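# Results of the structural survey
These are the residues of each chain, in order.
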Amino acid sequence: MNLRNMTDKQKSAGDQETSAAKATLPLRQPCDRGSFKNNVCSRSYFVVVMVFFHIYIINVIALLLYVHYNNGEGGDASHEASGSHQRLPESQRTRSNSEFLRDASLTRLEGIRVGHVQKVSLVPDKVHEMKTLSLKPLLFEIPEFLSEDECRVVMQLAQLKGLMESQLMVQEGQEELAKELNLSPEEIFNLLDINKDGQLQLHEILTHSRVRDGIWLTPENLREIYAGLKADKDGNGLLSLEEFRLLSSDAFQRFLLQRGVKRSQLVRNSRHTWLYQGKGAHRVLQDIKTRVTRLTQLPTTIVDLSEPLQVVRYEEGGHYHAHHDSGPVYPETACTHTRLAANTSTPFETSCRYITVLFYLNSVEGGGETAFPVADNRTYDEVSLIQNDVDLLDTRRNCDKSNLRVKPTKGKAVFWYNYLSDGRGWVGEQDEYALHGGCVVTHGTKWVANKWINIDPDYQRQARYQQLVSQQPEVEDDEGLTLNPDPHRSDIHQDL
């Protein structure tokens, strides 16, 4: 007790001395390091630090409790929901607002550089070499992709089924389409006037006529039509808006029907047929499809739901002028293969062919090369494709002016991407450098086959389409096409 009292007294005396010192000492700046007798500043600093430290600890504890609550009490239900979600087929995984999860990406091969060679394992006990031919478009060549027997079987199956003309002499129905779109002459004129100079040049009219009517007119042909229709009043080779208004929307078409059109004037002069590759199809056709799946490294489902194999025969004089296998996709454009899943009606459709795989079924005696007029060009300008009456799109006259030509050799395959990547693992914009055509066959006959892989640049439409197909029962049509393919595949590419 005495010791405790003495201690208390000493503390009281110390406090009084401290108070007295405070009263007599002059004012100093806070935390003045020269004041050794006054430790109030250091105590205040310590108190402030401790307060902030405790606040930090409290926040950490609160955060841990929040995480524990979300993953603890509600975690079981959330985990069950997540587990059942993962058990759903990929095509049925949707958000609450009926949008599909963006959980898929497309493998896109690397070209590295022109001339680069990769080893590719496509069939057991054999290694193919894949060579990069260009980077714009991304284009590859694989010799001996098909064996001689496979080439023979494909040609025989095509002949057995029967080939049809690839293009009618003159397409009809354009007047009805123009009425459906309800476009005025001024609106059509503005669409055709690519360089927006208020006049239609020959190449602008030629592009329109080739796409719309399927007739490959030359500048000389167009001048003859102008003269026959008395369209170019001042004879300067240009059409003003006033001159264009005097022409009906099908004036060219009616003139060509009256005059007659030769097969050599068509955009495409060939015969073709389609061979389905689904369940029940010939073993060779199924093997080719499997090989294409391994080559492109795309999901089996996408390859199986793409177009069948197209087989084409070009007789001597046959050709296919330069074109794109697939057009650009705008918001108002529907892809042909997913139009039923789009739930919209539009007069604009395109085939949405992400990849083209072209097989040469025979070696051609003369001509018949596959030409890429602007491959690896620095720039692409549609207007510059026709200059000074030199038309780079014309594969009958100017194939030798193309940047790249691939010689048709039996069994060889070439494939390229018709679209760029969107940078997120899906289909992006159209690759305009994928412009290509078939040079005129000067001697013999040319046989080729095309395997197109259709993918909608709109991920939601593609996913919805695949879901609709997967919900159908596994049935087989009379051609042997199955709608419920096997999704398994393997990776097979190596750098050489």
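Refer to the structure printed above.
Conventions and cut-offs
Residues numbered from 1 in each chain as written. Predicted model: local features only at pLDDT ≥ 70, side-chain atom pairs only at ≥ 80, totals over all residues. Heavy atoms only, no water. Helix = DSSP H or I, 4+ residues; strand = E, 2+ residues; numbered from the N terminus. Buried < 20%, exposed > 50% of the residue type's maximum accessible area, 1.4 Å probe, protein only. Contact = heavy atoms within 4.5 Å. Areas by Shrake-Rupley, 256 points an atom, 1.4 Å probe, with all protein chains shown as cover. Pairing = 2+ DSSP bridges. Salt bridge = Lys/Arg side-chain N within 4 Å of Asp/Glu carboxyl O. Patch = residues over 30% accessible without salt bridge, like charges linked within 9 Å, V, L, I, M, F, W, Y side chains within 5 Å. Lys, Arg positive; Asp, Glu negative; His and termini not counted. Charge placed at Lys NZ, Arg CZ, Asp CG, Glu CD. Expected span 1.5 Å × (residues − 1). Core = buried A, V, L, I, M, F, W, Y, C linked by side-chain atoms within 4.5 Å. Disulfide = S-S within 2.5 Å. Axes fitted to C-alpha atoms, helices over the stretch in contact; angles between N-to-C directions. Parallel < 35°, antiparallel > 145°, perpendicular 65-115°, else oblique. Left-handed = near helix turned anticlockwise from the far one by under 90°. Nonpolar A, V, L, I, M, F, W, Y, C, P; charged D, E, K, R; others polar. Phe/Tyr/Trp six-rings, centres within 6.5 Å; stacked < 30°, edge-to-face > 60°.

Right, let's talk about the overall build of the protein for a bit. Scanning the protein from terminus to terminus reveals 14 helices and 23 strands. Here the protein, with 496 residues, has 44% of them falling under the buried criterion. When contacts within the protein are restricted to residue pairs at least 6 apart in sequence, those whose partners lie at least 24 apart make up 77%. Carbon and sulfur atoms make up 52% of the accessible area of the protein, which amounts to about 27900 Å² in all.

Next up on the list: the pairing of strand β8 (residues 319-323). Taking burial as the measure, the five residues of β8 include five buried ones, the bulk of the element. Where strand β5 (residues 268-269) meets β8, two bridges bridge the pair, whose relative direction is antiparallel. Bridge assignment links R268 to a residue of β8, and that residue is Y320.

Glancing now at the pattern of salt bridges. Per the counting criterion, the structure on display carries 14 salt bridges. When the shortest N-O distance is used, the salt bridge between E349 and R339 registers 3.9 Å. Remark: R339 occurs in helix α13 (residues 339-342) and E349 occurs in strand β10 (residues 349-350); sequence separation between them is ten residues. Among the residues examined, R339 registers a relative accessible area of 37% and is labelled partly exposed.

Bringing a negative patch on the surface into the picture now. On the surface, D381, E382, E429 and E432 cluster together to form a negatively charged patch. Mapped onto the fold, E429 is located in strand β19 (residues 427-430).

Further remarks concern the sheet that holds β5. The strand order across the open sheet formed by five strands is β5-β8-β20-β13-β16, and the pairing between neighbours is antiparallel. The two strands at the open ends of the sheet, each matched to only one other strand, are β5 and β16 (404-406).

Turning next to unusual backbone geometry. Backbone torsion omega between K136 and P137 reads 5°, so that peptide bond is classified as cis. For P137, the location among the structural elements is in the loop between β2 (126-135) and β3 (138-142). Residues other than glycine seldom take positive phi values, yet E144 does so here, at roughly 55°. Looking at the secondary structure, you find E144 in the loop between β3 and α4 (148-161). The exposure class assigned to E144 is exposed, which follows from its relative accessible area of 54%. Located in the positive-phi region is C352, a residue other than glycine, with phi close to 55°. By secondary structure assignment, the location of C352 is in the loop between β10 and β11 (353-360).

With that out of the way, let us pick up a nonpolar patch on the surface. Residues M50, F53, Y56, I57, V60, I61, L64 and L65 make up a contiguous nonpolar surface patch of about 750 Å² in total accessible area. Structurally, L65 is set in helix α2 (residues 40-71). You can call L65 exposed: its relative accessible area is 55%.

Another point: helix α14 (residues 459-470). The end-to-end C-alpha separation of α14 is 16 Å, in line with the 16 Å expected for twelve residues at 1.5 Å each. Taking burial as the measure, the twelve residues of α14 include nine buried ones, the bulk of the element. Buried residues in α14 make contact with α12 (300-304), β9 (334-335), α13 and β22 (446-454).

The next point concerns the nonpolar core. Of all hydrophobic cores here, the largest spans 48 residues; its most connected members are F359, L361 and F415. Per-element tally for this core: the top contributor is α4, with six residues. For F359, the contacting residues outside a window of four places in its chain are F145, L146, I288, V292, L309, K412, A413, W447, V448, A449 and K451.

Another point: the state of the cysteines. Throughout the structure, instances matching the rule amount to two disulfides. Here C335 is linked by a disulfide to C352, with a sulfur-sulfur distance of 1.8 Å. Judged by the sign of its S-S torsion, about -75°, the bond between C335 and C352 is left-handed. Taken together, the residues C335 in strand β9 and C352 in the loop between β10 and β11 connect sequence positions 17 residues apart.

This next bit is on the packing of α4 against helix α11 (residues 283-296). One can describe the packing of α4 onto α11 by two numbers: an axis separation of 10 Å at closest approach and a directional angle of 120°. Judged by the angle between their axes, α4 and α11 are oblique. Two packed elements cross with a definite hand, and for α4 against α11 that hand is left-handed. From α4, E150, V153, V154 and L157 reach across to α11, where they touch V284, L285, I288 and R291. Residue composition of the contact of α4 with α11, grouped by class: six nonpolar, no polar and two charged.

Another point: the pairing of β22. Taken across its nine residues, β22 has nine buried, putting it largely inside the fold. Alternating positions in β22 separate into two faces, K446, V448, N450, W452 and N454 on one and W447, A449, K451 and I453 on the other, with burial throughout. Across five bridges, the pairing between strand β7 (residues 309-314) and β22 is antiparallel. Paired with R313 across the two strands is W447, which belongs to β22.

What follows is about the packing of aromatic side chains. Within this structure, the stated rule accounts for nine aromatic pairs. Ring centres 5.1 Å apart and planes at 25° place the aromatic pair F140 and F415 in the stacked group. You can see F140 sitting in strand β3 and its partner F415 sitting in strand β17 (residues 413-417), a full 275 residues away along the chain. Each member of the pair, F140 as well as F415, carries the same accessibility label: buried.

What follows deals with α11. A rise of 1.5 Å per residue sets the reference length of α11, with its 14 residues, at 20 Å; its end C-alpha atoms lie 20 Å apart and thus fit the reference within 8%. Residues V284, L285, I288, K289, R291, V292, T293, L295 and T296 constitute the buried set of α11. The first or second residue beyond α11 is Q297, which carries a positive phi of 60°.

Now for the environment of E429. A relative accessible area of 63% places E429 in the exposed class. For E429 and N418, which are eleven residues apart along the polypeptide, the C-alpha to C-alpha distance reads 8.9 Å. Residues in contact with E429, not counting those within four places in the same chain, are Y419 and L420.

As far as function goes, none of this settles anything; it's purely spatial.
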